[in-house]
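Each chain, letter by letter, is given below.
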Amino acid sequence: MAKAVSTKIKLVSSADTGFYYVTKKNSRTMTEKLKMKKYDPIAKKHVEFVEGKIK
């Protein structure tokens, strides 16, 4: 069986609010950890979200 190309990841807020987004990532082309600025509704501002594992 072939390994899946895209994997689900969790983008965890760096503001320590516990808020997260779930998205997909192509593990063959993007080998480093994903970081992006997105809106955190609990902090009510844009903060950096870092990749974490889904349990």
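The following paragraphs examine the structure supplied in this document. Since the structure is predicted, the reported quantities are computational estimates derived from the model, not experimental observations.

1. Let's talk about the overall build of the protein chain
Part 1: Check the secondary structure of the protein chain and you find zero helices and four strands.
Part 2: Taking all 55 residues of the protein chain together, the buried fraction comes to 18%.
Part 3: Taking contacts inside the protein chain between residues at least 6 apart in sequence as the whole, the part at least 24 apart equals 36%.
Part 4: Carbon and sulfur atoms form 54% of the exposed surface of the protein chain, whose accessible area is close to 4,500 Å².

2. Some remarks on the environment of Lys24
Part 1: By the secondary structure assignment, Lys24 is in strand S2 (residues 20-26).
Part 2: Not counting the four nearest positions on each side in its chain, Lys24 is found in contact with Ser6, Thr7 and Lys8.

3. What to know about the nonpolar core
Part 1: Counting five residues, the largest nonpolar core consists of Ile9, Leu11, Leu34, Val47 and Phe49.
Part 2: For this core, the secondary structure elements donating two or more residues are strand S1 (6-13) and strand S4 (45-52).
Part 3: When residues no more than four places from it in sequence are discounted, the contact partners of Phe49 are Leu11, Val12, Ser13, Phe19, Tyr20, Tyr21, Leu34, Lys35, Met36, Lys38, Tyr39 and Asp40.

4. Some thoughts on the side chain of Glu51
Part 1: Within the element layout of this structure, Glu51 appears in strand S4.
Part 2: For Glu51, the side chain forms a polar contact with the side chain of Lys25, separated by 3.0 Å.
Part 3: Of note is the side chain of Glu51, whose polar atom sits 2.9 Å from the backbone nitrogen of Leu34.
Part 4: Sequence-distant contacts of Glu51, that is, excluding residues within four places in its chain, are made with Ile9, Lys10, Leu11, Lys25, Glu32, Lys33 and Leu34.

5. A few points about the pairing of S4
Part 1: By the bridge criterion, four bridges tie S1 to S4 in an arrangement that is antiparallel. The partner of Lys10 across the bridge, within S4, is Gly52.
Part 2: Sheet topology note: the strand S3 (residues 35-40)/S4 ladder contains six bridges and is antiparallel. By the bridge assignment, Lys35 is partnered in S4 with Val50.
Part 3: From the end of S3 to the start of S4, which pair antiparallel, there are four residues, and Lys44 there has a positive phi angle of about 60 degrees.

What counts and how
- Residues numbered from 1 in each chain as written.
- Predicted model: local features only at pLDDT ≥ 70, side-chain atom pairs only at ≥ 80, totals over all residues.
- Heavy atoms only, no water.
- Helix = DSSP H or I, 4+ residues; strand = E, 2+ residues; numbered from the N terminus.
- Buried < 20%, exposed > 50% of the residue type's maximum accessible area, 1.4 Å probe, protein only.
- Contact = heavy atoms within 4.5 Å.
- Areas by Shrake-Rupley, 256 points an atom, 1.4 Å probe, with all protein chains shown as cover.
- Core = buried A, V, L, I, M, F, W, Y, C linked by side-chain atoms within 4.5 Å.
- Polar contact = N/O pair within 3.5 Å; in protein donor to acceptor, adjacent residues only side chain to side chain.
- Pairing = 2+ DSSP bridges.

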